[in-house]
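Structural overview for review
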Amino acid sequence: MALIPLSPAQRRDALEKAVAARVARAEAKALLRSGEATVGEVLERAQTDEALARLKVTDMLESLHGVGPVRALAILEGLGIAPSRRLRGLGAHQRRALVDFLGAN
């Protein structure tokens, strides 16, 4: 399937949108890292924010203090969440399990 060629203006708009999405995800991870936001708050925002909705759960977990790639995968495995899952793709029970688990630790 061939991609539709974009005009220079369309290409610029798409690039600006992509940059804005990356900035929004980076800001959310920084808020988690600093403790200014909780996982529950980020998950709630992801329901309406398209940029956050596309953030991988592993990336969100790794932004928390003391959680690296190995621990993030262990948490997801323990909760029955696929490592490839994105925030919007989490079900209600998975979101609740994640918030409860991280709140207990």
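This text follows the structure it describes.
Since the model is a prediction, treat every value here as computed from it, not as a measurement. (Residues numbered from 1 in each chain as written. Predicted model: local features only at pLDDT ≥ 70, side-chain atom pairs only at ≥ 80, totals over all residues. Heavy atoms only, no water.)

Structural notes on the nonpolar core
Grouped together as the largest cluster of nonpolar side chains are 22 residues, with contacts concentrated most on V57, M60, L61, L87 and L98. The set of elements that each furnish at least two residues to this core consists of α1 (8–34), α2 (39–46), α4 (57–62), α5 (69–79) and α6 (92–104). Looking at which element gives the most residues to this core, the answer is α2, with 4 residues. Each residue touching M60, except ones within four places of it in the same chain, is listed here: L32, V39, V42, L43, L55, L87 and L98. (Core = buried A, V, L, I, M, F, W, Y, C linked by side-chain atoms within 4.5 Å. Buried < 20%, exposed > 50% of the residue type's maximum accessible area, 1.4 Å probe, protein only. Helix = DSSP H or I, 4+ residues; strand = E, 2+ residues; numbered from the N terminus. Contact = heavy atoms within 4.5 Å.)

Overview of α5
Looking only at α5, the buried set comprises A72, I75 and L76. Viewed end-on, α5 has its buried residues packed into an arc of 95 degrees, placing them on one side of the element. Exposed side of α5, more than 90 degrees from the buried face: V70, E77 and G78 are the residues found there. (Arc of directions from axis to C-beta.)

Section: the layout of surface pockets
Taken as a whole, the largest pocket encloses approximately 150 Å³ of empty space. If you go around the largest pocket, the residues you meet are K17, A18, A21, R25, E50, A51 and R54. Of all the secondary-structure elements, those providing two or more residues to the lining of the largest pocket are α1 and α3 (50–53). Take the lining of the largest pocket: its biggest share by element is 4 residues, from α1. For the lining of the largest pocket, a count of residues per class yields 3 nonpolar, no polar and 4 charged. (1 Å grid on protein atoms, 1.4 Å probe; cavity = no way out; pocket = protein on both sides within 12 Å on 5 of 7 lines; lining within 4 Å. Points joined across faces, edges and corners; volume = space filled by probe spheres on them. Nonpolar A, V, L, I, M, F, W, Y, C, P; charged D, E, K, R; others polar.)

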